[in-house]
Amino acid sequence: MSLPLKTAGRIAWRETRASTAKFLFVVLAVAAGVGALSGVRGFSQSFRATLKEESRTIMAADLTARQFMPPSDEQVSRLNELAAQGVEHTLITETISMASSAMVPIDSEDATPALLSIKAVDPEKYPYYGEVKLDPPISLKEALAPDAIAVAQDVLLRIHVKVGDKLRLGTQQVRVSAVVLSEPDRMSGSMNVGLRAMMSREGFERTGLMQFGSRAAYRYLFRMNAKSPDVEYVRATLKSVLPAALVADFRESNPIITRGLDTSTTFLSLVSLIAMIVGALGVAMAMHAHLQQKMDNIAVMKSLGATSRDVIGIYTVQTLLLGLAGGVLGVAVGRAVQSAFPFLISKYFQLNVQMGWNAGAAFQGVVVGVLTTLLFTVPPLLSIRKVRPALILRRDMPEAKLPWNKRLRDAGPVIVSGVLILAGIGAVAGWLAESPKVGGYFAGGLTVSLILLAIVANVLLRGVRSFLKNPPLRIPMLIRQGLANLYRQGNQAQAILVAMGIGVMFTLTVYLVQHQLVGEIIQSAPPGMPNVFMIGITPDQVEPLRALLKEQKGIEAPPEFAPSVSVRIAAVNGVPLENRDMPGTGRRFRGSRSVMFAKEKPESLAITQGEWWKADETKPVLSIDEEAARNLVAKIGDTIDIEAAGRMVTAQVVATHRVQQMRVGAANEFVFNSPALEGFPATFYGGVRVKSEQVGALERSTYAKFPTITVINVVEALGIMQQVVDQVALVIRFLSGFAILAGAVILAASVAGTRFRRVKEVVILKTLGATRAAAGRIFSVEFLTLGIVAGVMGALLATVFSRLLLLRLLDAKFSFDPLATAVAVIATAVLAQASGWLAGFKILRQKPLEVLRDE
Amino acid sequence: MEEVAILEATGITKTIDTGTHRVEILRGVDVVVPTGQFVAIMGASGSGKSTLLGLLAGLDTLTSGRIVIDGTDITGLDEDELALVRGRKIGFVFQSYQLIPTLTAEENVLLPHELAGGDPRQGLIRARELLTSVGLADRMDHYPVQLSGGEQQRVALARAFMTKPPMLMADEPTGNLDSVNGAHVLELLITLNRREGTTLILVTHDPRLASRADRIITLSDGLVTADELRNAKVSTPA
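These numbers come from a predicted model, not from an experiment.

**Some points on the overall build of chain A**
Now for step 1: A tally of regular secondary structure across chain A gives 24 helices and 21 strands.
Now for step 2: Residues classed as buried in chain A amount to 46% of the 855 residues present.
Now for step 3: In chain A, once contacts between residues fewer than 6 apart in sequence are set aside, the share between residues at least 24 apart is 86%.

**What about the overall build of chain B?**
Now for step 1: Helix and strand content of chain B: seven helices and 10 strands.
Now for step 2: Looking at chain B as a whole, 47% of its 238 residues are labelled buried.
Now for step 3: Considering only residue pairs separated by 6 or more positions, chain B has 69% of its internal contacts joining residues 24 or more positions apart.

**A few points about unusual backbone geometry**
All names here are of chain A.
Now for step 1: In this structure, P127 follows Y126 across a cis peptide bond, with omega equal to -15°.
Now for step 2: Looking at where P127 falls in the secondary structure, it is placed in the loop between β3 (114-121) and β4 (133-135).
Now for step 3: Omega for the peptide link from D135 to P136 comes to 0°, which places this bond in the cis form.
Now for step 4: With respect to the element layout, P136 can be found in the loop between β4 and α5 (140-143).
Now for step 5: Of note in this structure, H160 is not a glycine but carries a positive phi near 60°.
Now for step 6: Along the chain, H160 turns up in the loop between α6 (153-159) and β6 (166-169).

**Remarks on the interface of chain A and chain B**
Now for step 1: Between chain A and chain B, the residue contacts involve 25 residues of the former and 27 residues of the latter.
Now for step 2: Residue contributions to the side of chain A that touches chain B peak at four residues, all from helix α22 (residues 755-767) of chain A.
Now for step 3: The class makeup of the residues in the side of chain A that touches chain B is 12 nonpolar, five polar and eight charged.

**Points about the confidence of the model for chain A**
Now for step 1: Averaged over all residues, the pLDDT of chain A equals 79, while 84% of them reach at least 70.
Now for step 2: Counting interchain partners and residues more than four positions distant, the pLDDT-below-50 stretch residues 393-401 of chain A has one contact.

**Regarding the sheet that holds strand β4 (residues 64-69) of chain B**
Residues and elements named next belong to chain B.
Now for step 1: Read across the open sheet, the four strands follow the order β2-β1-β4-β5; overall the sheet is antiparallel. The strands lining the two open edges of the sheet, one partner per strand, are β2 (22-34) and β5 (72-73).
Now for step 2: Pairing between β4 and β5: two bridges, direction antiparallel. Each residue of the ladder has a partner; that of V68, found in β5, is D73.
Now for step 3: Taken strand by strand, helix α1 (residues 49-56) contacts β1 (5-17), β2 and β4, and its axis lies near 120° from that of β1.

**Observations regarding the packing of helix α3 (residues 105-115) of chain B against helix α5 (residues 149-161) of chain B**
Residue and element names in this part refer to chain B.
Now for step 1: Direction vectors running N to C along α3 and α5 enclose 30°, while the axes themselves pass 7 Å from each other. Judged by the angle between their axes, α3 and α5 are roughly parallel. Where α3 crosses over α5, the two elements pack in a sense that is right-handed. Counting all contacts with α3, which are made through A105, N108, V109, L111 and P112, the residues of α5 involved are V155, A158 and R159.
Now for step 2: Counted by class, the contact of α3 with α5 contains six nonpolar, one polar and one charged residues.

**Details of the environment of T708 of chain A**
Residue and element names in this part refer to chain A.
Now for step 1: Mapped onto the fold, T708 is located in the loop between α20 (695-705) and β21 (710-713).
Now for step 2: Along the backbone, T708 and L209 are 499 residues apart, and their C-alpha atoms lie at a distance of 5.7 Å.
Now for step 3: Excluding residues within four positions of it along the chain, T708 makes contact with S97, G170, G208, L209 and G536.

**Brief notes about the packing of α5 of chain B against helix α6 (residues 179-196) of chain B**
Residue and element names in this part refer to chain B.
Now for step 1: Two elements in contact, α5 and α6, have axes whose closest approach is 10 Å; the angle formed by their N-to-C orientations is 15°. Regarding the angle of α5 to α6, the classification is roughly parallel. The chirality of how α5 crosses α6 is right-handed. On α6, the residues touching G149, G150, Q153, R154, L157 and F161 of α5 are N181, H184, V185, L188, L189, L192 and E196.

**Some points on the pairing of β4 of chain B**
Residue and element names in this part refer to chain B.
Now for step 1: Both β1 and β4 contribute to a ladder of five bridges, which runs antiparallel. If you follow E8 over to β4, its bridge partner there is V68.
Now for step 2: From the end of β4 to the start of β5, which pair antiparallel, there are two residues, and D70 there has a positive phi angle of about 50°.

**Topic: the sheet that holds strand β7 (residues 167-171) of chain B**
All names here are of chain B.
Now for step 1: The strand order across the open sheet formed by six strands is β6-β7-β8-β3-β9-β10, and the pairing between neighbours is mixed. The two strands at the open ends of the sheet, each matched to only one other strand, are β6 (90-93) and β10 (223-229). The sheet shows a mean angle of 15° between the axes of neighbouring strands, direction not considered.
Now for step 2: The pairing of β6 with β7 spans four bridges and is parallel. The residue of β7 that forms the bridge with F92 is M169.

Cut-offs applied
Residues numbered from 1 in each chain as written. Chains lettered and ligands numbered in written order. Predicted model: local features only at pLDDT ≥ 70, side-chain atom pairs only at ≥ 80, totals over all residues. Helix = DSSP H or I, 4+ residues; strand = E, 2+ residues; numbered from the N terminus. Buried ≥ 20, exposed ≤ 12 C-beta atoms within 10 Å, placed from the backbone. Contact = placed C-beta atoms within 7 Å. Nonpolar A, V, L, I, M, F, W, Y, C, P; charged D, E, K, R; others polar. pLDDT = per-residue confidence, 0-100. Pairing = 2+ DSSP bridges. Axes fitted to C-alpha atoms, helices over the stretch in contact; angles between N-to-C directions. Parallel < 35°, antiparallel > 145°, perpendicular 65-115°, else oblique. Left-handed = near helix turned anticlockwise from the far one by under 90°.

Printed below as a string of structure tokens:
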């Protein structure tokens, strides 16, 4: 006869109530994990709901189509046909250009130009949905008069102008009419490297910035009305009219944003799951320590006739209660995490996310919390079966060591439950990621990390122990006792080390990778490589520009120029790309792309197959980057059809090459001979290495003579990139920090769990003449050692992992970061000290009289 | 022939206020112990004998009265000051041994010496010598769990004598042991006490144990009801 659930519940509740302090920590550990998890998912779901609700506003249209080539006449006429059916459209052109203040002489310091991302719209039509907010609050039509430009606030700061002043832009001077406070399709923009500015199409054309072949994105906005054909038909039509375009409609909101959101939600969920698992580990440990203390009770219960099943039932109910309490508290924590998110990503999404109470995410958090808690409590619960009623009669007897085959048999259930836990974690991870494969990888990766950490922890602990046994010199008693405390029965040193270690490892790995990567990018203009790039150079500007640069001060290497032609790859061997079966990444060739031409083989390329053409080759031929060739499934002898501005050319592949060093333009995946691209509109990229203090002067003089050429200061551009990487890394660190927190809570729980033994010892020590400070130092040594060892271990593995990641996966350099490592170790030690004392300070206050009270 | 008193307690009372009612555990006890005496404190359960021992050792605070140990008035001292007095003046033996489980026998014996800031090298010599004299020369590296009850209590004995305290307090030192081990521990206690010239205050309810003492103080209901000298050994400290 098994115990009724109600009775089990009552007994469990009584026991839980009797150990509130100890279980408080357990609940907190679970809450940390559930909080991170439900926060991430709650935010993601609110964000998605907002996106869906406002998808038309985010696109400013019902449908959009974006490509990087101007539409051909035929395409324009077919779009007009569509307009006749009730699907009207408006074109937005986005490009980048230099601009400077026209209020000061062009060669003065204040006229140093800045890079603008210019968006040219038709204010009569744009936007179809949402509105552009301006300061002063004038109408968009008024603000975008042909001689005017509306700019973002930071443009005013950078170029030192105010509303009403004039800017030099291209060949014109334009008046700053207003500051753009917000624009609906901000997130859908394409050219976001510069400061934002908006013009009318008419005014934009006057600046002369758009010459044929200039780098620009063309985005069509479409609005449907009641008479329009259905959206599916419109979408299909657009795909056939604009084959190189990315088409999106309001039903899917912005595919780039949602895809990004999905990926990051999955990733962040798994990061949170790690915090969750660390928390569950804490529950298991607390349960283990709790059961050890309850051995007598269990033996009594058993001798009073309770079966193992009854007892397991009681403690399972107790675990459930704890998991549930942690889950519910965690949901409250998650609400706070969720509110922190918009702040963390505010720079990139100026979207007012409606932070609703998300029941789904909350429920998911609680379920995962309870499940993981239960999973991890299986081994300690199973150990209940081993408690014999006779224990009550002979308690202090040490257990005899069993022969190895018996021990192995006893280990059976532990191994089974270990496999069960792994499978369970894999399933939960798979559920969160909506991919069984990811679940498998996660469980596998976690197992490897945990085993690694456990081994390292074990080795370190053994090391300390053997050091204690045979110390090279006498260590003071207080330190020795502090270290000996680590091996106290019921002290979870190894588990604490694993838990805190995994948190440190994760946080530090993210930090190291982020810093090394950004550091490398910033330093990766090695001597001789250009640090200033110029784009939008027309063929007839190349020579005058070269001459101008020759006169500049601070030039360290002669400028390089590389041509670029924007084309669409239409077919391989006559088969249109749409119909070709290409591996995953091959699909990226379906859009338009930049290619270059060269007479002689550039030094930066190495031929891997075939032969470079002779200088007098008149037939159209080309060489393809070997990886592009693989993705495109093209080999030597195949023909490639390219199309630009309505013209089609067929060229033959004569060689494949590998890029040896990155060079200006980077359009070197496809290199044609000049006859192949004859007559196509070309634009040149320039690169020059100049002393950093001379960059401003170079920008000014280039701008004065060639206002349409955009000069990009690499260091400045990298700054923007660094901000993005920093922001992403901040979010990850924020969440992995929860794992460290859970680890600290486990330490506190472990201290609370061994409270009785600690009290007893403090009392003995006091009786023998120890002051409170002396007894306190013992604890400090213990907590400090735990923290330092966990920190060192985490830092060690973080260094190994980030080294692996950087060298193997990211192809970047790795160098040891002593400062970050030291900070991680010290911070962990401080945290361990704090959380240990939080749970332990009461112990010291115990009166020594206790020593006389027997047990 | 008044001897120098190592312990002087006058007018000791101890009252516990449990909130609902007050319990008077000791109601005015005077004890003066001359140096070198072996005193047994006897009494039934609840007579207040363990409380008295706790107060005399400075483990608990008095409600009223005054205690002077070896010339030091401990009545008004704070917790840490009391700990220092205990470390210098008093050795302890308890019913349930009270060894530190994470330290070996040798380290347990060394503990009071190190707490008092003594020289580790000299301490080690004495600790080993004491362990040898209680018959544990081959058990120095063992942890408490690896020792039997009798062996643990012998470690506790060695520890009590470690700092050569002028006074030793024992609370039912044989209470957890069978008669053979109990007798062995008692013999060791008395032998060591003679050798070290320590004043011994022992709380017990075992008349056989008490019969070995120079003096028996009997407590009942918080008051001294009898105080008798047993034999002539009073004036012959070893």
